[in-house]
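Residues per chain, in single letters:
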Amino acid sequence: MDPYLVYKERRENTPVYWDEERRLWAVYPYRYCQQILSHPVMLIPSVADGNLGGSALAMKRRLVRISNPPAHDLAREMALRMFRGRRAADVAPLLARLLPPPGSAATVEWVGTVARVLPAMHILAGFGFSDRHVEVILEQLPAILKIMAPVTDARALEAAFDVVYPLVDWQVEVVFPGLTKETREYAVSNLIGLLIQGYDATKGLLSLALLHLLAREDIAKLGSWDMDHFLSFVTEVLRYDSPVHNTRRVLTEEVHFDGVTVPSGATVLVVVAAANRDPAVFERPEEFDRHRVNNRMMLTFGHGIHGCIAGAYCAQLAAETMNYLFHTYRKVELVEAAPEYEPLANVLMVKAMHLRLG
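Rules of the game
Residues numbered from 1 in each chain as written. Predicted model: local features only at pLDDT ≥ 70, side-chain atom pairs only at ≥ 80, totals over all residues. Heavy atoms only, no water. 1 Å grid on protein atoms, 1.4 Å probe; cavity = no way out; pocket = protein on both sides within 12 Å on 5 of 7 lines; lining within 4 Å. Points joined across faces, edges and corners; volume = space filled by probe spheres on them. Helix = DSSP H or I, 4+ residues; strand = E, 2+ residues; numbered from the N terminus. Nonpolar A, V, L, I, M, F, W, Y, C, P; charged D, E, K, R; others polar. Salt bridge = Lys/Arg side-chain N within 4 Å of Asp/Glu carboxyl O. Buried < 20%, exposed > 50% of the residue type's maximum accessible area, 1.4 Å probe, protein only.

## Focus: the layout of surface pockets
Alright, step 1. By volume, the second largest pocket is sized at about 340 Å³.
Alright, step 2. Forming the boundary of the second largest pocket are 18 residues, of which R296, M298, F301, G311 and A312 lie nearest the centre.
Alright, step 3. Elements represented by at least two residues in the lining of the second largest pocket include exactly α12 (227–240) and α14 (311–328).

See the structure below:
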């Protein structure tokens, strides 16, 4: 079933919905989603640590993405400092390493070849990591990503962090000398967090943006597009076909939604994909329109103190990747009639898609 049909029905008829089976509330209109996301004391739900210990557990507790005040304040400060302190990195040489030479007919599996690795490669390049250290970190990245879910294999996760943490720690000392012990620990943890966050958000966007370009545009004309064209297109993809469909918050006080009271302590599912198609905010929301003047108001990257600090970066990286792809190859064709998606409820992730390039 198309989830957007469900979102529309709920937004119109039960905008604040009690899900008895999952024992949580869900909100669908834009203004309700924004109200929850922007509230300064709504909490990120805790994620079970299991038997996790060592540097992996310490790092997890410093992550801006899943921390709450007061620890969140320093975590966000250092995450922003890390993010703003990276140098500009050209995506072209990275893509040239991942993709076949132009002019040579080839078929590539886009998700595994590009979408899973490019975001981390690009972030690490911005901090001056050596090729060897990038290779080691990429090898450990699938294990590291599991820190965002309830921990079931603590030993494997700790082993991965024992490899990655010292490499990132050394590079942080080179790029940001003079940090205190505490701020350095937060810096290292949240640079690793940027890799995780970039993987989650940008992996999905790199595939969805490409699918929409191939389905909606004349491929022969894409080689004449400039970056502004690609960036406006990617931004509309983020609104229209969000790679993130929902997120959760725990209420620390009761909240009122036009006659419905949600009690303190309740878990609320914030359905940002439904908000992104709310006609109260977006005119003709079911139409894809890259010229839309307010598509940057989409809530795909959240809002408020827990809003994704790398949101604009993700959109820019996806646009630069599309720009490279269609200016480098004369042929870009999707092999499958329809790609396969991951069986996930909160995100829209393409599992695999093959391209013919030439």
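## Examining empty space enclosed by the protein
Empty space among the atoms becomes apparent when a probe as large as a water molecule is rolled across them.
Alright, step 1. Tallying each qualifying case throughout the model produces one cavity of 30 Å³ or more.
Alright, step 2. Roughly 50 Å³ of volume is contained in the largest cavity.
Alright, step 3. Surrounding the largest cavity, L63, V64, R65, A79, M148, N190, G193, L194, I196, Q197 and I309 form its lining.
Alright, step 4. Considering each element in turn, the lining of the largest cavity owes the most residues, five residues, to helix α10 (residues 181–216).
Alright, step 5. Classifying every residue of the lining of the largest cavity gives seven nonpolar, three polar and one charged.

## Considerations on the pattern of salt bridges
Alright, step 1. In this structure the tally under the stated criterion is 19 salt bridges.
Alright, step 2. For D169, the salt bridge goes to R184, with nearest N and O atoms at 2.8 Å. Taken together, the positions of D169 in helix α9 (residues 154–175) and R184 in helix α10 put the pair 15 residues apart, joining distant regions of the chain.
Alright, step 3. For R184, a relative accessible area of 23% gives the class partly exposed.

These results come straight from atomic positions and should not be treated as a statement about function.
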